[in-house]
Amino acid sequence: MEAMEAILSRRSIRRYTPDPLPEEAVRRVLEAGMAAPSAGDERPWHFVVITDKEMLAAIPGFHSLARFVPNAAVAILVCADVALSKYPPADWWVQDCSAATQNILLAAHATGLGAVWLGVHPVKTRIDGARALFRLPDSIVPFSLVSLGIPATRKEREQRFDPSRIHRERWGAP
Ligand SMILES: Cc1cc2nc3c(=O)[nH]c(=O)nc-3n(C[C@H](O)[C@H](O)[C@H](O)COP(=O)(O)O)c2cc1C
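Residues numbered from 1 in each chain as written. Predicted model: local features only at pLDDT ≥ 70, side-chain atom pairs only at ≥ 80, totals over all residues.

Caption draft 1: The arrangement of the environment of Arg11 in detail. Tracing the backbone shows Arg11 in the loop between helix H1 (3-9) and helix H2 (23-34). Of the residues examined, Arg11 has 17 C-beta atoms within 10 Å and is grouped as partly exposed. Sequence separation between Arg11 and Arg154 is 143 residues, and the spatial gap between their C-alpha atoms is 8.8 Å. (Helix = DSSP H or I, 4+ residues; strand = E, 2+ residues; numbered from the N terminus. Buried ≥ 20, exposed ≤ 12 C-beta atoms within 10 Å, placed from the backbone.)

Here it is as structure tokens:
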């Protein structure tokens, strides 16, 4: 799929068929995640790939908006190793991991998968829950979770372009 088409037609997909995903499909979205830009090319990310049904079923236990995740083929926990931050105390890793998460969503959509971004950071209960379930070391911060699968639903693209949000030269007139 062409890049602009993927960007403009991507939607959050929360219903999946029971089919597993080929390992190659998972590798491709991870490759896209790791291709994201990062501050000073610090690439602070790590990715926990979850396919075990019991692990997937445990995720709604710490994330109230994740009730559909147990039906996903795969979930990817995007994490940051804050020890890799090049410019502390600036938390550029938040933006790095956002870019990686969005790249995963776009790659999933472009390759025919359904996906949705679930926020983890900065909600403490979600961070603590993910830390405990996935046995993350102290220096690793869970940032987001992406659930993935073969889509069992189709969503139309939305027209979100809004000229009133555009400001030229200075705040005010579009
Ligand atoms: C930072 C962030 C956190 C989100 N957290 C959740 C979540 O916890 N659960 C969920 O189902 N969707 C979550 N979403 C998906 C949004 O609900 C979704 O992107 C938004 O409603 C727009 O719909 P669209 O993705 O189909 O364009 C999150 C999205 C972002 C960017």
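Caption draft 2: Structural context of the site of the ligand. Near the ligand you find Arg11, Ser12, Arg14, Leu65, Val116, Trp117, Leu118 and Gly119, and these make up its full shell. Of the residues that constitute the shell around the ligand, the class distribution is 4 nonpolar, 2 polar and 2 charged. (Near = placed C-beta within 6 Å. Nonpolar A, V, L, I, M, F, W, Y, C, P; charged D, E, K, R; others polar.)

Caption draft 3: Structural detail: the nonpolar core. Val74, Ala75, Val78, Ile104, Ala115, Val146 and Leu148 are the most contacted members of the largest nonpolar core, which totals 38 residues. Mapped onto this core, the elements with two or more residues apiece are H2, strand S1 (45-50), strand S2 (74-81), helix H4 (92-110), strand S3 (114-119) and strand S4 (140-149). Excluding residues that lie within four positions of it along the chain, Val74 makes contacts with Leu21, Val26, Val49, Ile50, Thr51 and Leu148. (Core = buried A, V, L, I, M, F, W, Y, C linked by C-beta atoms within 7 Å. Contact = placed C-beta atoms within 7 Å.)

Caption draft 4: Broad picture of the pairing of S4. Burial within S4 is extensive, with 10 of its 10 residues counted as buried. Relative to S4, S2 runs antiparallel, the two being bridged by 8 bridges. Across the sheet, Val74 pairs through a bridge with Leu148, a residue of S4. (Pairing = 2+ DSSP bridges.)

Caption draft 5: Spotlight on the sheet that holds S4. Across the sheet, which stays open at both edges, the 4 strands sit in the order S1-S2-S4-S3 with antiparallel pairing between neighbours. On the outer flanks of this sheet lie S1 and S3, each paired with one strand and no other. Taken pair by pair, the neighbouring strands of this sheet meet at an average axis angle of 25 degrees, ignoring direction. Bridge analysis of S3 against S4 gives 6 bridges, and the strand direction is antiparallel. Paired with Ala115 across the bridge in S4 is Leu148. Lying over the sheet, H2 contacts S1, S2 and S4, oriented at roughly 160 degrees with respect to S1. The strands touched by helix H5 (residues 124-134) are S1, S2 and S4; relative to S4, the strand with the most contacts, the crossing angle is about 80 degrees. (Axes fitted to C-alpha atoms, helices over the stretch in contact; angles between N-to-C directions.)

Caption draft 6: Inspection of the packing of H2 against H4 at higher detail. Taken N-terminus to C-terminus, the directions of H2 and H4 make an angle of 145 degrees; their axes are 7 Å apart at the nearest point. Crossing of H2 against H4: the hand is right-handed. Two secondary-structure elements touch here, H2 through Arg28, Val29, Ala32, Gly33 and Met34 and H4 through Ala100, Asn103, Ile104, Leu106, Ala107 and Ala108. Residue composition of the contact of H2 with H4, grouped by class: 8 nonpolar, 2 polar and 1 charged. (Left-handed = near helix turned anticlockwise from the far one by under 90°.)

Caption draft 7: Spotlight on H2. Counted at 1.5 Å a residue, the expected span for H2 with its 12 residues is 16 Å, and the 17 Å between its end C-alpha atoms agrees. Taken together, the buried residues of H2 touch S1, S2, H4 and S4. (Expected span 1.5 Å × (residues − 1).)

Caption draft 8: Region of interest: the environment of Val49. In this fold, Val49 is placed in strand S1. Taking the C-alpha atoms as reference, Val49 lies 9.4 Å from Leu30; in sequence the two are 19 residues apart.

Caption draft 9: Inspection of unusual backbone geometry at higher detail. In this structure, the amide linkage connecting Pro88 to the following residue, Pro89, adopts the cis form with an omega of 5 degrees. Structurally, the position occupied by Pro89 is in the loop between S2 and H4. Between His121 and the following residue, Pro122, the backbone shows a cis peptide bond with an omega angle of 10 degrees. With respect to the helices and strands, Pro122 occurs in the loop between S3 and H5. The phi dihedral of Asp41 is positive, around 55 degrees, even though this residue is not glycine. Among the structural elements, Asp41 can be located in the loop between H2 and S1. In this structure, Glu169 is a non-glycine residue whose phi angle is positive, near 65 degrees. Here Glu169 shows up in the segment after S4.

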